[in-house]
Amino acid sequence: MKLVDIIVPVYNGFSDTQNCLTSLNESLKHNEIRCNVIIINDQSPNPELTHWLREFAVLHNCQLNENATNLGFVGTVNKGMSINANRDVILLNSDTVVANNWVDRMVDCAYSNPRSGTVTPVSNNATICSF
């Protein structure tokens, strides 16, 4: 069975991050695809968020990486994608709320055409991917 890494880069936004990770954890119960959740704390200036991420990762069996220095979004995402370079990856912004079998639907879409290299969902709040 396929295993997908879900990478969640985190810097700040305590309540947004809580909503994101809580919805992610709940939604994974509705997906057939197995997922490895990788949370990367990019040196958040919020100690309360850092503490919460550590507890959440232990409680929900997520992989938590903490950058020694702030790498920024691109550096953090690249670090996350290099962890398991042979796996498909979903990049999930920490202010995103997901639901239902979204992983299964994204993977189905990605593999529906052998020429697909990436899949980007639309959103009501995603700049160039908004509708």
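Residues numbered from 1 in each chain as written. Predicted model: local features only at pLDDT ≥ 70, side-chain atom pairs only at ≥ 80, totals over all residues. Heavy atoms only, no water.

Could you give an account of the sheet that holds strand β3 (residues 63-66), naming the residues involved and the relevant values?
Spatially, β3-β2-β1-β4 is the arrangement adopted by the 4 strands of the open sheet, whose pairing is parallel. Every interior strand has two partners, whereas the edge strands, β3 and β4 (88-91), have only one. Neighbouring strand axes in the sheet, compared pairwise and without regard to direction, differ in orientation by 25 degrees on average. Here strand β2 (residues 34-41) pairs with β3 via 4 bridges, running parallel. Note on β3: the bridge partner recorded for I38 is Q63. Along the sheet, helix α1 (residues 14-27) contacts β1 (3-10) and β2; its crossing angle with β1, the most-contacted strand, is approximately 170 degrees. Sitting on the sheet, helix α2 (residues 47-59) is in contact with β1, β2 and β3, with an inclination near 150 degrees to β3. (Pairing = 2+ DSSP bridges. Helix = DSSP H or I, 4+ residues; strand = E, 2+ residues; numbered from the N terminus. Axes fitted to C-alpha atoms, helices over the stretch in contact; angles between N-to-C directions. Contact = heavy atoms within 4.5 Å.)

An account of the side chain of N84 is needed here, citing residue identities and associated values.
The residue N84 is located in the loop between α3 (72-83) and β4 in this model. The exposure class assigned to N84 is buried, which follows from its relative accessible area of 17%. In this structure the side chain of N84 is engaged in a polar contact, spanning 2.8 Å, whose partner is the side chain of D5. Residues in contact with N84, not counting those within four places in the same chain, are D5, N36 and I38. (Buried < 20%, exposed > 50% of the residue type's maximum accessible area, 1.4 Å probe, protein only. Polar contact = N/O pair within 3.5 Å; in protein donor to acceptor, adjacent residues only side chain to side chain.)

Residue-level account of helix α4 (residues 102-110), with values.
Of the positions making up α4, those classed as buried are W102, V103, D104, M106 and V107. Buried residues along α4 sit against β1, α1, β2 and β4.

Can you explain unusual backbone geometry? Please cite residues and give values.
With phi around 55 degrees, Q43 is a residue other than glycine that occupies positive phi space. As for its position among the elements, Q43 is in the loop between β2 and α2. Residue N100 is not a glycine yet carries a positive backbone phi of 55 degrees. Mapping N100 onto the fold places it in the loop between β4 and α4.

Provide a residue-level description of the state of the cysteines, including the pertinent values.
Using the criterion set out here, one finds 0 disulfides in the structure. Take C20: it sits in no disulfide, and the sulfur closest to it among the cysteines is that of C62, at 11 Å. Look at C20 and you get buried, because its relative accessible area is 0%. (Disulfide = S-S within 2.5 Å.)

I'd like to hear about the packing of aromatic side chains, residue by residue, with values.
In total, this model carries 2 aromatic pairs according to the counting rule given. Relative to W52, the ring of F14 lies with its centre 6.3 Å away and its plane at 90 degrees, an arrangement referred to as edge-to-face. Here W52 lies in helix α2 and F14 lies in helix α1, a separation of 38 residues in the sequence. Using a relative accessible area of 16% as the deciding quantity, one classes W52 as buried. (Phe/Tyr/Trp six-rings, centres within 6.5 Å; stacked < 30°, edge-to-face > 60°.)

Please give an account of the nonpolar core that cites residues and values.
One finds I6, V8, L21, L24, I39, L92 and W102 to be the most contacted residues of the largest nonpolar core, which totals 24 residues. Broken down by secondary-structure element, the contributors of at least two residues to this core are β1, α1, β2, α2 and α4. Sorting elements by how many residues they give to this core places α2 first, with 5 residues. Sequence-distant contacts of W102, that is, excluding residues within four places in its chain, are made with I6, L24, S27, N31, I90 and L92. (Core = buried A, V, L, I, M, F, W, Y, C linked by side-chain atoms within 4.5 Å.)

That's the geometry; what it means functionally is another story.
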